Amino acid sequence: TESSSSPSSSSAAAAQYPIKSLLVLDAWAFALQENVIKRGLSDSSSISLLLSIISEDWVTNPECDPLVQFLQNSWSSKTSNVLSYYAKDSVHQSFSDSEAWFPSWVATRV
């Protein structure tokens with residue numbers, strides 16, 4: 001039997017429920033491949049709005065560099081609307097958000 005997380009079912013779900021906008025707070029972009037950072041949001045992306053808010057703590061963090069590169073490359077896209085704001089006098093809060101996207105039976109064991 002085919003798993004519900006197979007590529008074909010994931011593609012079908014993405015087509016049925018496309019992501020139109022993203023809000024990222026102190027986004028961690030180290031996980032992105034170099035070609036994704038260099039490409040940014042492509043003109044073929046279904047995302048019409050990307051809003052990034054960066055805390056003062058995050059600006060001085062080396063983990064911010066890939067995010068800034070990604071945002072700069074996305075700004076050059078003709079169809080994407082990329083907004084990035086700097087929150088002066090703010091701090092970065094490190095906590096796991098996995099409980100928000102893991103299935104509840106997994107999150108309770110993490």
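A. Inspection of the layout of surface pockets at higher detail. The space that makes up the largest pocket amounts to roughly 740 Å³. Together, 25 residues line the largest pocket, and Val24, Leu25, Asp26, Ala27 and Trp28 are the ones closest to its centre. Of all the elements in the fold, those that place two or more residues in the lining of the largest pocket are strand 1 (21-25), strand 2 (49-55) and helix 4 (64-75). Its residues placed into classes, the lining of the largest pocket shows 19 nonpolar, four polar and two charged.

B. Structural detail: the environment of Gly40. Among the secondary structure elements, Gly40 is positioned in the loop between helix 2 (34-39) and strand 2. Taking C-alpha positions, Gly40 is 7.6 Å from Gln72, a pair spaced 32 residues apart along the chain. The contact partners of Gly40, leaving out residues within four places of it in the chain, are Phe70, Asn73 and Ser74.

C. Highlighting helix 4. Taking 1.5 Å per residue, 12 residues should reach 16 Å; helix 4 reaches 16 Å between its end C-alpha atoms and fits that length. For helix 4, the full list of buried residues reads Cys64, Pro66, Leu67, Phe70, Leu71 and Ser74. Looking straight down helix 4, one finds its buried side chains confined to an arc of 160°; they lie on one side. Its buried side turned inward, helix 4 meets helix 2, strand 2, helix 3 (56-59) and strand 3 (81-87).

Reading the values: the criteria
- Residues numbered from 1 in each chain as written.
- Predicted model: local features only at pLDDT ≥ 70, side-chain atom pairs only at ≥ 80, totals over all residues.
- Heavy atoms only, no water.
- 1 Å grid on protein atoms, 1.4 Å probe; cavity = no way out; pocket = protein on both sides within 12 Å on 5 of 7 lines; lining within 4 Å.
- Points joined across faces, edges and corners; volume = space filled by probe spheres on them.
- Helix = DSSP H or I, 4+ residues; strand = E, 2+ residues; numbered from the N terminus.
- Nonpolar A, V, L, I, M, F, W, Y, C, P; charged D, E, K, R; others polar.
- Contact = heavy atoms within 4.5 Å.
- Expected span 1.5 Å × (residues − 1).
- Buried < 20%, exposed > 50% of the residue type's maximum accessible area, 1.4 Å probe, protein only.
- Arc of directions from axis to C-beta.

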